[in-house]
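Chain residues, written in single-letter form:
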Amino acid sequence: MSFNKVNKSVKRIDAYEKVTGRAKYGADLKFAGMLYGKVLRTKYPHARILKIDIKKALEYPGVEAVLTARDVPNNQFGVIIRNQQVLAGKETFYIGDGVAVVAARTEEAAERALELIEVKYQELPGIYDPEEAMKEDADRVHKELPGNQVIHHPLRKGDIEEGFARADVILEREYTTQFVEHSYLEPEVVIAVPHEQNSLVTIYGSVQNPYATQNAVASVLQVELSRVRVIQNHLGGSFGGKDEVISSMAARAALLALKTNRPVKMVNSRDESILESYKRHPYRMKYKVGATREGKLVAMEIKAVADSGAYACQTPFVTWRSVVQATGPYEVPHVKTDTYGYYTNNIYTGAMRGYGSPQVIFAQESLMDELATELGMDPLELRLQNIYHNNSITASGQRLDNHKVSLKEVILKAVEASNYREKYAEYNKSQSGDKKRGIGMAISFRGCSLGAEAVDAAAAIIHIQKDGSLDLYSGLAENGQGLKTIFAQIAAEELGIDLDRINFMEVDTSIIPDSGSTVASRSTLIGGNAVRNAARKVKAIIAEFIEEEYGDEFGFKAKDLIFKDNRIYVAEGKDVGDIKEIISFKEMAGKAYNAGVLLSAYGWYKAPEISWDEETGQGNPYFTYVYGCQIAEVEVDTGTGEIEVLKMTAAHDVGRAINPANVKGQIYGGVMMGLGYAIMEELETEEGYIRNTNFDGYLIPTVRDMPEIIPVIVENPDPVGPYGAKSIGEPTLELGSAAIANAVFQATGRRIRSLPLNLERVLIGHSLSKGGNR
Amino acid sequence: MKKIKVNLTVNGKEFTLEVGPKERLLDTLRERLKLTGVKEGCGIGECGACTVILNGEAVNSCLVLTGQLDGSEVITVEGLEVEGRLDPLQQAFIDHHAVQCGFCTPGMLMSARALLDKNPHPNREEIKRAIEGNLCRCTGYQQIIEAIESVAGKGEEEGADYFEWDPD
């Protein structure tokens with residue numbers, strides 16, 4: 001199949017604005033009469049609020065409004081379970097809870113006013129460990145709820161007792177993971193503008209999911225959705241992170257804007273951002289696996305507990321993805337998994353790139369290597385014996401028969417590109433000196449898009465101007481991942497025009513239908529199909545019009561037309577490729593306009609049917625999957641515990657790479673984020689307080705930490721995806737931690753079952769901070 | 001509070017400003033001069049998003065007080081483009097897919113520009129050293145390095161336009 005615009009590394013259509021500094025991010029916007037909003041946050045993670053006195057703050061010069069929970073029409077919001085408070089009224093549940101908000105003419109005045117708000121707290125004991133929260137007699141984090149459990153997802157397949165009875169080897173291991181901060185470089189920003197162009201309030205800012213924010217603000221204000229308009233701006237990274245925290249911020253800014261009747265801008269400092277924004281869930285996972293002596297998996301039993309922190313946020317869905325992926329891409333006849341989320345008074349947890357998969361993959365792919373060691377097998381061979389192929393049945397009972405299950409191909413390509421076999425053999429020999437090397441791998445299958453989480457559909461609008469230039473709207477949002485370029489390539493491919501004729505519009509909730517959230521690596525697949533559908537609709541209109549105008553003269557039908565190179569042709573002569581120009585795209589647009597033909601269309605795409613039984617965890621949770629394999633090569637300084645990741649080979653089947661350079665960019669970035677997760681990143685919490693609230697304490701990978709990264713793009717077009725394309729954003733970071741842990745084991749003989757693999761854990765086997773998880 | 005009078009050249013233009021003693025260069029550039037290409041990511045000099053070139057050196061503008069800069073010369077990302085022509089680094093960032101969300105991009109460009117101004121042909125290690133203070137969460141740095149290398153690898157002749165450019 002040959003393409004003109006897709007499957008090519010075209011340059012990003014938003015790069016020019018970004019390299020010149022022209023791109024406007026939320027913090028760069030200003031409006032006439034704009035005020036600055038600031039949040040007063042709680043002093044204690046868990047406390048009763050006895051009294052709030054705002055009098056002095058209100059009197060401070062420049063202060064226009066001070067609001068507390070009393071001023072919030074509906075103080076509870078949330079995408080799944082509505083229990084997150086916009087402002088804490090009676091009780092605070094975590095250290096980032098807001099207690100009051102101020103709007104003032106300058107940022108300084110707003111900050112000064114915060115100090116003048118007098119709050120009387122009664123500090124309360126809290127629950128900071130999900131294991132505590134699980135206990136029958138535990139205090140309840142939310143008194144109105146029957147217990148601390150947010151969610152329990154059971155999965156039952158086969159007969160677990162029978163399975164273990166057939167096992168020659170049974171291993172039981174426990175793994176833990178940490179809180180992780182998204183660390184998007186742009187801190188959160190929202191500007192709420194009241195009464196702009198007929199909406200009650202318009203929200204601008206660093207919004208990852210405009211519809212989620214629109215829904216939250218409308219619900220908090222208790223107004224209809226069409227009264228709240230959200231317009232996205234250039235977004236300085238998100239990785240799942242600018243969702244609920246932005247909804248909360250937008251609701252606060254909207255309240256202040258309506259109270260003062262002036263635009264209100266709220267910008268978080270980095271410390272505020274880390275203190276308030278939700279994190280990746282820490283998990284505690286107990287894995288029990290049974291296998292035959294020959295290395296065939298027969299049973300797996302898993303109990304995973306996620307710390308949801310103070311609010312439900314997206315815990316029910318994050319843990320649900322864990323359920324589907326928990327056993328890894330392996331055929332296991334007997335499976336029992338129980339995945340839980342529990343409330344605590346820790347910082348709340350939500351969506352972050354990977355979404356419940358990096359935790360279980362760290363556990364299960366570490367476990368596979370432990371099992372290989374136990375069986376005296378090569379970890380690669382053990383995997384190859386058990387992986388999914390076409391027609392395999394997953395743990396949730398789904399037969400994988402509607403797409404190419406390319407796991408073996410992906411693994412072997414990664415093995416080849418990394419020279420795995422030779423290196424594995426070499427590093428198995430005894431190594432002299434303090435520095436020891438090892439190589440390790442991890443593999444995964446990953447459900448594309450939302451699956452059984454929620455309705456899965458998206459919209460696009462193509463609007464052709466009378467000069468043939470084109471406006472493209474999508475209900476999914478550019479987060480930095482390259483969505484604008486990918487969607488423009490798809491529109492350009494269908495209509496045969498150049499990308500520079502396409503003007504990509506930011507999401508505006510008043511123009512384009514709710515397309516769900518820009519999450520779950522679903523944009524290319526779901527949104528890409530919506531764009532293609534819109535383009536095909538317009539193309540059909542154009543073809544019909546051209547036939548009417550020129551069909552008789554040149555003797556062709558609408559279906560014979562070829563759209564390319566900004567022109568419209570018909571095939572002529574016998575040879576393939578012999579074509580004759582009928583009209584330029586530009587001229588066509590002018591003629592169509594003058595003839596009164598509508599050259600705009602909505603595209604809509606709804607994902608194929610899926611199914612899920614909450615009681616048994618059985619069904620077809622996703623309509624297609626992607627497959628990945630990452631191989632890490634490390635050098636460990638056994639004198640200091642320092643790990644240097646030398647090389648990461650990342651092979652991913654993306655279905656079809658709409659833009660290969662962009663796919664590589666996703667791989668490089670995801671691998672580095674996975675590396676940070678593996679060896680350095682940890683939000684340090686103590687009794688609900690957060691110790692590292694800026695990049696001096698919370699370390700993310702710099703260019704110095706960068707290994708050689710070998711991206712391997714594998715393409716097996718999916719029947720559903722546009723041009724066969726599937727997903728790449730999230731699979732890239734879910735594999736690194738296990739691959740690195742396995743490599744560290746080969747290098748040192750030390751199996752580390754807690755993330756991150758920091759100096760202490762590598763050197764002495766446990767962390768010196770935070771209770772020293774082993 | 002006492003104001004300090006400062007003469008500052010920014011992107012080739014001269015400004016006379018009266019600033020408070022605590023005003024950060026970052027705020028002067030963003031708020032007074034509307035050069036919002038300069039980004040704030042952390043406020044403590046750890047992320048590099050606010051990097052500008054100050055008297056030939058790449059600095060975090062959040063750590064510099066404007067009141068101390070009398071007679072200084074500052075170049076921001078907005079100053080890289082000359083008469084509609086992109087700096088070779090800007091073009092290279094576009095060509096090599098070195099941009100994702102774009103928030104680190106201005107600072108990254110300024111660190112790279114400061115390096116190339118001093119050392120037109122740096123090796124990969126020198127490039128890494130120059131941008132080690134610039135955090136990027138999207139790209140994994142690979143395509144950024146490739147972009148800088150593509151400019152660094154070129155002969156003096158091709159880069160000459162910029163190197164001879166005198167903002168005064």
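Refer to the structure presented above.
Cut-off values and rules
Residues numbered from 1 in each chain as written. Chains lettered and ligands numbered in written order. Predicted model: local features only at pLDDT ≥ 70, side-chain atom pairs only at ≥ 80, totals over all residues. Helix = DSSP H or I, 4+ residues; strand = E, 2+ residues; numbered from the N terminus. Buried ≥ 20, exposed ≤ 12 C-beta atoms within 10 Å, placed from the backbone. Contact = placed C-beta atoms within 7 Å. Nonpolar A, V, L, I, M, F, W, Y, C, P; charged D, E, K, R; others polar. Pairing = 2+ DSSP bridges. Axes fitted to C-alpha atoms, helices over the stretch in contact; angles between N-to-C directions. Parallel < 35°, antiparallel > 145°, perpendicular 65-115°, else oblique.

Scanning chain A for helices and strands turns up 19 helices and 30 strands. Taken along its principal axes, the extent of the C-alpha atoms in chain A is 80 × 75 × 50 Å. Burial status across chain A gives 60% buried among its 774 residues. Of the contacts made within chain A by residues no fewer than 6 positions apart, 79% connect residues no fewer than 24 positions apart.

On to the interface of chain B and chain A. Across the contact, 39 residues belong to chain B and 44 residues belong to chain A. For the side of chain B that touches chain A, the secondary structure elements donating two or more residues are α2 (88–95), α3 (105–118), α4 (124–131) and α5 (142–152) of chain B. When residues of the side of chain B that touches chain A are assigned to their parent elements, the largest contribution, four residues, is made by α2 of chain B. Class assignment of the residues belonging to the side of chain B that touches chain A gives a composition of 17 nonpolar, 14 polar and eight charged.

All names here are of chain A. The element strand β26 (residues 625–637) is extensively covered by neighbouring structure, given that 11 of its 13 residues are classed as buried. Where strand β18 (residues 435–447) lies against β26, 13 bridges are found, and the strand directions are antiparallel. In the sheet register, Lys-435 faces β26, and the bridge partner there is Asp-637. Here β26 pairs with strand β27 (residues 642–653) via 10 bridges, running antiparallel. Looking across to β27, one finds that Gln-630 is bridged to Ala-650. Hairpin remark: β26 followed by β27, antiparallel, with four residues in the connecting loop; positive phi at Gly-641, about 85 degrees.

All names here are of chain B. Topologically, Ala-112 is positioned in helix α3. Taking the C-alpha atoms as reference points, Ala-112 and Leu-89, 23 residues apart in sequence, are found 7.9 Å from one another. Beyond its immediate chain neighbours, meaning those up to four positions away, Ala-112 contacts Leu-89, Ala-130, Ile-131 and Ile-148.

Residues and elements named next belong to chain A. One can describe the packing of helix α15 (residues 523–554) onto helix α16 (residues 585–594) by two numbers: an axis separation of 11 Å at closest approach and a directional angle of 80 degrees. Here α16 runs roughly perpendicular to α15, going by the angle between their axes. Across the interface between the two elements, Ile-542, Phe-545, Ile-546 and Glu-549 of α15 pack against Met-588, Lys-591 and Ala-592 of α16. Its residues placed into classes, the contact of α15 with α16 shows five nonpolar, no polar and two charged.

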